[in-house]
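Listed below are the residues making up each chain.
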Amino acid sequence: MKLSKIISECRLEKIVFCTDCEIENGYCGDLMSDVMAHAEAECIWITIQAHKNSIAVALIKDIKSIVFTNNVTVGKEVIKKAEEEKINLLRTDKDSFSVCGEIYCLMEAETAKD
Amino acid sequence: MSPQLILEQAVQKELNLISITDHNTVQHSILACKLSEDLSIRVIPGVELTSREEVHLLAYFPNIEAILKMKKEIDNYLPGKKNNSKIFGNQLYYDLKGEIIGIDDTLRQVALNLGLDNLVDLVHSIEGIAVPAHIDKDRFSLLSQLGFLDREANFDAVEISKFKWRKEKFQLGNIRRGFPVIAGSDSHGVEDIGLFFMEDSQEEIKDFISLKDFLKRSKKP
């Protein structure tokens, strides 16, 4: 599924949008070590952890899209780093549980079509 | 632990310079500073802050005026919920003589709604020193919450646990990834006071200013 479809269906706010990549799976987690251990490459990562180190974790794991939940403030440094590294940053006022549910349902529906 | 009891112990253990850094509260740190005016021991006003990422950050300040500014910010960024004493215990207020004068019913074992880097900037804006606490611990530490230590971060030092200090035979002035290391006793009870302390063989760190200066000189760009 195209990231742009997830963005419009879940009404996510675009903070940094560089590439409309293909999303096939997702991961939700706020502990960097957990994400590094379990997230798959090119997944969409849902987290409240809007820190510069999240961008570094995304780079290590080849994650191209991050959704920050709970309307968390995203600092200038984080945005700058994401732009440099071409990582899509999205934000929502929903909590992680709700937005994971929405994205999951979208992806399931897409798989059912195939 | 009343500030009066802490100072009594610290003097007995022949410590020269201490700081009381309670979680997201400054009251007792201020009391200890006032008490120390009549003693030879020096006390740096301090607090242990919790960032949005649940990283514990030690903050030290030049004077009571500065830490009172920090108090305002803490109140501003705390969620404003009530403490549950069954889980976190009662947060007692003491006076200068060590008498209990009240109970703080604000929930303080919780994160401030401010990211770590912004919190560091805030501490700096009121002339304080910002030091991520016990970075090697598996809970509430920079490494447990954020995975690794960013060389470009604006910390003045990093605190490692006393266990690591002993094991790796650290000394004041040692550097880790560009940051000077410090350690404290992290005393949560009277019996811990003085069981761990840093030795300043040059006898140059006597107060906040000389500490800040020492860390600044030690830091590797």
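Higher on the page you've got the structure.
Residues numbered from 1 in each chain as written. Chains lettered and ligands numbered in written order. Predicted model: local features only at pLDDT ≥ 70, side-chain atom pairs only at ≥ 80, totals over all residues. Heavy atoms only, no water.

Q: Could you clarify how one ought to interpret the overall build of chain A in this entry?
A: Tallying secondary structure elements over chain A gives five helices and five strands in all. For chain A, the N- to C-terminal ordering of α and β elements is α-β-β-α-β-α-β-α-β-α. Dimensions of chain A, computed from the C-alpha atoms along their principal axes, are close to 40 × 25 × 25 Å. Counting only residues that meet the buried cut, chain A has 45% of its 114 residues in that class. Long-range pairs, those at least 24 residues apart, make up 46% of the contacts in chain A with a sequence separation of at least 6. (Helix = DSSP H or I, 4+ residues; strand = E, 2+ residues; numbered from the N terminus. Buried < 20%, exposed > 50% of the residue type's maximum accessible area, 1.4 Å probe, protein only. Contact = heavy atoms within 4.5 Å.)

Q: Looking at this structure, how should I read the packing of helix α3 (residues 52-61) of chain A against helix α4 (residues 76-85) of chain A?
A: Helix-helix packing is described using two parameters, namely the angle between the two axes and the distance between the axes. Residues and elements named next belong to chain A. Axis separation between α3 and α4 bottoms out at 8 Å; the angle between their running directions is 20°. One element, α3, and the other, α4, form an angle in the roughly parallel class. When you trace α3 past α4, the crossing you get is right-handed. Seen from α3, the contacting residues are K52, I55 and L59; seen from α4, they are E77, V78, K81, A82 and E85. The residue inventory of the contact of α3 with α4, partitioned by class, reads four nonpolar, no polar and four charged. (Axes fitted to C-alpha atoms, helices over the stretch in contact; angles between N-to-C directions. Parallel < 35°, antiparallel > 145°, perpendicular 65-115°, else oblique. Left-handed = near helix turned anticlockwise from the far one by under 90°. Nonpolar A, V, L, I, M, F, W, Y, C, P; charged D, E, K, R; others polar.)

Q: Sorry, what's going on with the pattern of salt bridges here?
A: Pairs may arise between side chains of opposite charge once their charged atoms sit close together. All told, the structure shown has 18 salt bridges over all chains when counted by the stated rule. Across the pair K2 of chain A and E22 of chain A runs a salt bridge whose closest N-O atoms are separated by 3.6 Å. Of this pair, K2 of chain A sits in the segment before α1 (3-9) while E22 of chain A sits in the loop between β1 (13-16) and β2 (26-28), and the two are 20 residues apart along the sequence. In this structure E22 of chain A comes out as partly exposed when scored by relative accessible area, which is 39%. Notably, a salt bridge pairs K71 of chain B with D75 of chain B, separated by 3.0 Å at the nearest N-O pair. Linking K71 of chain B with D75 of chain B, this pair stays in helix α3 (residues 64-77), spanning four residues, or about one helical turn. For D75 of chain B, a relative accessible area of 40% translates into the label partly exposed. (Salt bridge = Lys/Arg side-chain N within 4 Å of Asp/Glu carboxyl O.)

Q: Mind showing me how you'd approach the sheet that holds strand β7 (residues 158-159) of chain B here?
A: Residue and element names in this part refer to chain B. Ordered in space as β7-β9-β8, the three strands form an open sheet in which the pairing is mixed. For this open sheet the edge positions go to β7 and β8 (175-176), each flanked by a neighbour on one side alone. Pairing of β8 with strand β9 (residues 179-182) involves two bridges; the strand directions are antiparallel. Bridge pairing links R176 to F179 in β9. (Pairing = 2+ DSSP bridges.)

Bear in mind that shape data such as this cannot, by itself, settle questions of function.
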